[in-house]
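# Coordinate analysis (summary)
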Amino acid sequence: MKAHVFITLKPGVLDPQGKAIHHALEGLGFSGVNDVRAGKLIELDLADGTKDSDIEDMCRKLLANTVIENFRIERGA
Amino acid sequence: MKTAVIVFPGSNCDRDLAVALEQVTGRAPAMVWHRDTELPDGTDFIGIPGGFSYGDYLRSGAMAARSPIVRAVIDAASRGVPVLGVCNGFQVLTETGLLPGALMRNAGISFVSRPVELTVENSQTLFTSGYEAGETIRIPLAHHDGNYQADEATLDRLEQDGRVAFRYAEEVNGSARRIAGIVNDAGNVLGMMPHPERAIEPAHGRTDGRRLFEGLLETVA
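This one's a predicted model, so the numbers in the text were calculated from it and none came from an experiment. The residue numbering used here restarts from 1 in each chain and proceeds along that chain's sequence as written. Labels are handed out in written order, letters beginning with A for the chains and numbers beginning with 1 for the ligands. Totals for whole chains, interfaces and linings use all residues, but because this is a predicted model, local features are given only for residues with pLDDT of at least 70 and pairs of side-chain atoms are given and counted only at 80 or more.

Let us now look at the sheet that holds strand 3 (residues 69–75) of chain A. Residues and elements named next belong to chain A. With antiparallel pairing, three strands are arranged side by side in an open sheet as 2-1-3. Two strands in the sheet have a free side with no partner beyond their single neighbour: strand 2 (40–45) and strand 3. Taken over all neighbouring pairs, the strand axes of this sheet differ in orientation by 20° on average, direction set aside. By the convention adopted here, residues are in contact when the distance between their C-beta atoms, placed from the backbone, does not exceed 7 Å. Lines fitted to C-alpha atoms define the axes here, with helix axes fitted over just the stretch in contact, and angles between the N-to-C directions of these axes take values from 0 to 180 degrees. Under the scheme used here, helices are H or I runs from DSSP no shorter than 4 residues and strands are E runs no shorter than 2 residues, and both carry numbers assigned from the N terminus. Contacts between helix 2 (residues 52–63) and the sheet are confined to strand 1 (2–9), strand 2 and strand 3, with strand 3 contributing the most and set at about 150° to the helix. Between any two strands, pairing holds if DSSP finds at least two bridges.

The subject of this paragraph is unusual backbone geometry. Residue and element names in this part refer to chain B. At tyrosine 54, a position not held by glycine, the phi torsion is positive, near 50°. Along the polypeptide, tyrosine 54 turns up in the loop between strand 3 (45–48) and helix 2 (62–65). Classification of tyrosine 54 as buried rests on a count of 21 C-beta atoms within 10 Å. Positive phi is not limited to glycine here, since arginine 177 has a value of about 55°. One can find arginine 177 in the loop between strand 9 (164–168) and strand 10 (179–183). Each residue is classed by its C-beta neighbour count within 10 Å, where at least 20 other C-beta atoms makes it buried, 12 or fewer makes it exposed, and intermediate counts make it partly exposed; the C-beta atoms are placed from backbone geometry. Overall, arginine 177 belongs to the partly exposed group, with 15 C-beta atoms counted inside 10 Å.

A set of buried Ala, Val, Leu, Ile, Met, Phe, Trp, Tyr and Cys residues, joined to one another through C-beta atoms within 7 Å, is what we call a nonpolar core. Residues B:Ile6, B:Ile46, B:Val73, B:Ala165, B:Val189 and B:Met192 are the most contacted members of the largest nonpolar core, which totals 66 residues. Setting aside chain neighbours within four positions, we find B:Ala165 in contact with B:Glu121, B:Asn122, B:Thr125, B:Phe127, B:Thr128, B:Gly181, B:Ile182, B:Val183, B:Leu190 and B:Met192.

Before going further, it helps to spend a moment on the sheet that holds strand 9 of chain B. Residue and element names in this part refer to chain B. Spatially, 2-1-3-4-11-10-9-6-7 is the arrangement adopted by the nine strands of the open sheet, whose pairing is mixed. Edge positions in the sheet fall to strand 2 (30–33) and strand 7 (136–143), since each has one partner strand and no second. Across the sheet, the mean angle from the axis of one strand to that of its neighbour is 25°, orientation sign disregarded. Of the pairings in the sheet, the one linking strand 6 (residues 112–120) to strand 9 comprises three bridges and is antiparallel in character. Counterpart to leucine 118 in the pairing with strand 9 is tyrosine 168.

So, on to the interface of chain A and chain B. Counting residues at the interface gives nine residues for chain A, matched by 13 residues for chain B. Ranked by residue count, the leading element in the side of chain A that touches chain B is helix 1 (residues 16–27) of chain A, at three residues. Class assignment for the residues of the side of chain A that touches chain B results in seven nonpolar, two polar and no charged. Charged means Asp, Glu, Lys or Arg here, nonpolar means Ala, Val, Leu, Ile, Met, Phe, Trp, Tyr, Cys or Pro, and polar covers whatever is left, Gly included.

Let's shift gears to the environment of B:Leu217. On the secondary structure map, B:Leu217 appears in helix 6 (residues 210–220). Look past the residues within four positions of B:Leu217 in its chain and what remains in contact with it is B:Met1, B:Val24 and B:Thr25.

Remember that the coordinates give geometry; whether it matters functionally is a separate question.
As structure tokens, this is what we get:
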């Protein structure tokens with residue numbers, strides 16, 4: 001069983017990396033990009049029957065720093 | 001004073017910190033590897049050095065904060081043993097939760113590496129008794145993720161409780177309220193981005209960092 005964990009900076013937290021990507025896109029001539037926020041995707045290959053609460057625990061204890069980041073879990077087949 | 005320096009794969013200021021501790025205390029620290037599970041008996045000071053522990057994987061300090069030896073460091077800190085985290089060590093301490101907030105990518109994106117002026121905000125901590133409150137000192141800085149952030153309530157509490165030990169005299173990396181170093185609620189854990197161990201002998205140009213270790217030696221020993 002696969003799960004995808006999306007980790008994003010909380011709204012309002014400054015994202016210098018996103019800003020740099022934004023500038024680079026503008027430099028390439030892409031107009032109309034209002035903002036860029038960068039995050040992470042972590043793919044987990046899990047034993048069948050792993051509970052949602054276990055994945056949430058993984059996020060809180062290691063995968064995300066909840067001081068500055070949010071996480072969202074998507075379970076696959 | 002019996003000191004210990006924690007060494008992670010990717011630490012690169014561990015020897016500088018060891019030299020500083022040996023010069024000031026007259027005794028070489030125990031170098032404790034990340035896989036160890038115990039600190040030497042009677043350790044009365046723990047240093048977490050700068051560097052790029054575990055290659056900064058996931059987030060700076062994140063992997064180190066979950067390493068076996070850091071469990072022992074957290075136990076020791078909760079018993080009141082003084083812990084100093086410098087640079088990556090500060091990042092490790094915030095990741096453990098021993099210190100509040102987080103250290104994010106520098107606001108200007110650039111790696112910052114130069115001596116900077118700091119204001120000593122509180123000279124009453126275990127670590128800052130060698131300084132005068134309000135004094136300006138000059139300490140080298142070298143980091144990419146030194147932008148200290150916490151929510152407003154946490155920042156207000158840090159200020160009110162005198163837990164901001166050092167503040168940048170000028171804007172350096174985007175840190176909230178120009179915070180360069182903070183102590184925990186109990187006052188025995190200090191995290192700071194600048195490197196006091198790089199300013200301990202005249203050959204370093206300045207010796208402002210030495211007084212941190214001397215002050216500590218006086219209060220602890």
